Amino acid sequence: MKDRKNTGIQYSQATRLGAKPFIKWVGGKGQLLSSIEKSLPKAVYGCSDITYVDPFVGGGAVLFRILENVSTIKKAVINDINPDLTNAYRTVKDNVSELIALLKNIQKAYQLLNSEGSRKEYYLKMRERYNTKSLDNIENTALFVFLNRTCFNCPYRVNSKGLFNVPFGKYTNPTICDENTLLADSKLLQEVEILTSDFEQTLNDCA
Ligand SMILES: C[S@@+](CC[C@H](N)C(=O)[O-])C[C@H]1O[C@@H](n2cnc3c(N)ncnc32)[C@H](O)[C@@H]1O
């Protein structure tokens, strides 16, 4: 991983990008960010070469807040056991323009549907396609985001066969493509290493 000093990206208060979670995730720490920040050791702000490791990244509320606010962090490693989630982080990092284009198309198609029944039918078709597990990384991430934005209560839940089974959410106008957030997140993720494994493996690798 490169030292941030050598990149064009500034991770400091002066250049807040507006990065935040691009998905809604159960158990997210969004409500606790101020307390988490207050409980960081003061030394974090004094050291010059800090590595931030998030072994359970989930929606990344803590990740994005810390990367935007703690300029002493020089490296970051994130991990989650959910491969579709970590694939989504990689897509946002490496293929954000293609992802945004695809999400805009999906959003346009969804907004043209003028009844709850037709939106539900579209949702179920997309869910079936996602569950084929045959999609390339970019489409897989687009459907992962779409299902997250339109399913009931936004959890990620799979059945015993590993198939996503959350029902339709009945929202009339959900934001499916949050372009500004995706672009901001992509910039912050450029220097982040993304792993998919059990947290113990990640902690051992980082020790
Ligand atoms: C509550 S979320 C994390 C919230 C996040 N840190 C934040 O800032 O909002 C918990 C995450 O841990 C992941 N997880 C559960 N068991 C795990 C394991 N054994 N190793 C790695 N990740 C795991 C889940 O997939 C889930 O995404």
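Since the model is a prediction, treat every value here as computed from it, not as a measurement.

Take the overall build of the chain next. Each helix and strand counted, the chain has nine helices and three strands in total. Seen in sequence order, the chain has helices and strands lined up from the N terminus as α-α-β-α-β-α-α-α-α-α-β-α. Whereas a compact globule of 207 residues would reach a radius of gyration of roughly 17 Å, the chain reaches 18 Å, a difference of no more than 12%. The dimensions of the chain, computed from C-alpha atoms along their principal axes, are 55 × 35 × 30 Å. Sequence-distant contacts, at least 24 apart, represent 76% of the contacts inside the chain between residues at least 6 apart.

Our focus in this paragraph is the environment of Lys24. Considering the arrangement of structural elements, one finds Lys24 in the segment before helix H1 (33–38). The sequence separation of Lys24 and Cys154 amounts to 130 residues, and the corresponding C-alpha distance is 6.2 Å. In this structure Lys24 touches Gly59, Asn148 and Cys154, once residues within four positions along its chain are discounted.

Turning our attention to unusual backbone geometry. Trans peptide bonds make up most of the peptide bonds, and negative phi angles are found at most residues other than glycine. Unlike most non-glycine residues, Lys133 shows phi in positive territory, near 55 degrees. Along the chain, Lys133 falls in the loop between helix H6 (116–130) and helix H7 (137–150). Residues other than glycine seldom take positive phi values, yet Lys170 does so here, at roughly 60 degrees. Of the residues examined, Lys170 has 13 C-beta atoms within 10 Å and is grouped as partly exposed.

Overall, parallel pairing links the three strands, which are arranged S1-S2-S3 in an open sheet. Either end of the sheet is taken by a strand with one partner, and the two such strands are strand S1 (50–54) and strand S3 (192–195). With direction set aside, neighbouring strand axes in the sheet form an average angle of 15 degrees. Relative to S3, strand S2 (residues 73–79) runs parallel, the two sharing four bridges.

This next bit is on the nonpolar core. General note: in soluble globular proteins, nonpolar side chains tend to be found buried as a group. Val92, Leu103 and Ala142 are the most contacted members of the largest nonpolar core, which totals 39 residues. Taken domain by domain, this core gets at least three of its residues from each of domain 1 (4–82 + 190–206) and domain 2 (89–179).

As a further point, take H6. For H6, with 15 residues, the first-to-last C-alpha span of 21 Å sits near the 21 Å given by 1.5 Å per residue. Looking at H6, one finds that the buried residues are Arg119, Tyr123, Arg127 and Tyr130. The arc enclosing the buried residues of H6, seen along the axis, measures out at 75 degrees, which places them on a common side. Within H6, the exposed residues directed more than 90 degrees away from the buried face are Gly117, Ser118, Leu124, Lys125 and Glu128. On its buried face, H6 sits against helix H5 (96–111) and H7.

So, on to the domain arrangement of the chain. When its domains are assigned, the chain resolves into domain 1 (4–82 + 190–206) and domain 2 (89–179). Here the C-alpha centre of domain 2 lies 26 Å away from the C-alpha centre of domain 1. Facing the eight residues of domain 1 at the interface are ten residues of domain 2. Residue classes in the side of domain 1 that touches domain 2 are distributed as five nonpolar, two polar and one charged.

This next bit is on the site of the ligand. Surrounding the ligand, one finds 19 residues, the nearest of these being Gly27, Phe56, Gly58, Ala61 and Val62. Class assignment of the residues belonging to the shell around the ligand gives a composition of nine nonpolar, seven polar and three charged.

This brings us to the pairing of S1. Relative to S2, S1 runs parallel, the two being bridged by five bridges. Across the sheet, residue Asp54 finds its bridge partner in S2, namely Ile78.

Here is what the cut-offs are and how they apply
Residues numbered from 1 in each chain as written. Predicted model: local features only at pLDDT ≥ 70, side-chain atom pairs only at ≥ 80, totals over all residues. Helix = DSSP H or I, 4+ residues; strand = E, 2+ residues; numbered from the N terminus. Rg over C-alpha atoms; globule rule 2.2 N^0.38 Å. Contact = placed C-beta atoms within 7 Å. Buried ≥ 20, exposed ≤ 12 C-beta atoms within 10 Å, placed from the backbone. Pairing = 2+ DSSP bridges. Axes fitted to C-alpha atoms, helices over the stretch in contact; angles between N-to-C directions. Core = buried A, V, L, I, M, F, W, Y, C linked by C-beta atoms within 7 Å. Domains from an automatic or database assignment. Expected span 1.5 Å × (residues − 1). Arc of directions from axis to C-beta. Nonpolar A, V, L, I, M, F, W, Y, C, P; charged D, E, K, R; others polar. Near = placed C-beta within 6 Å.

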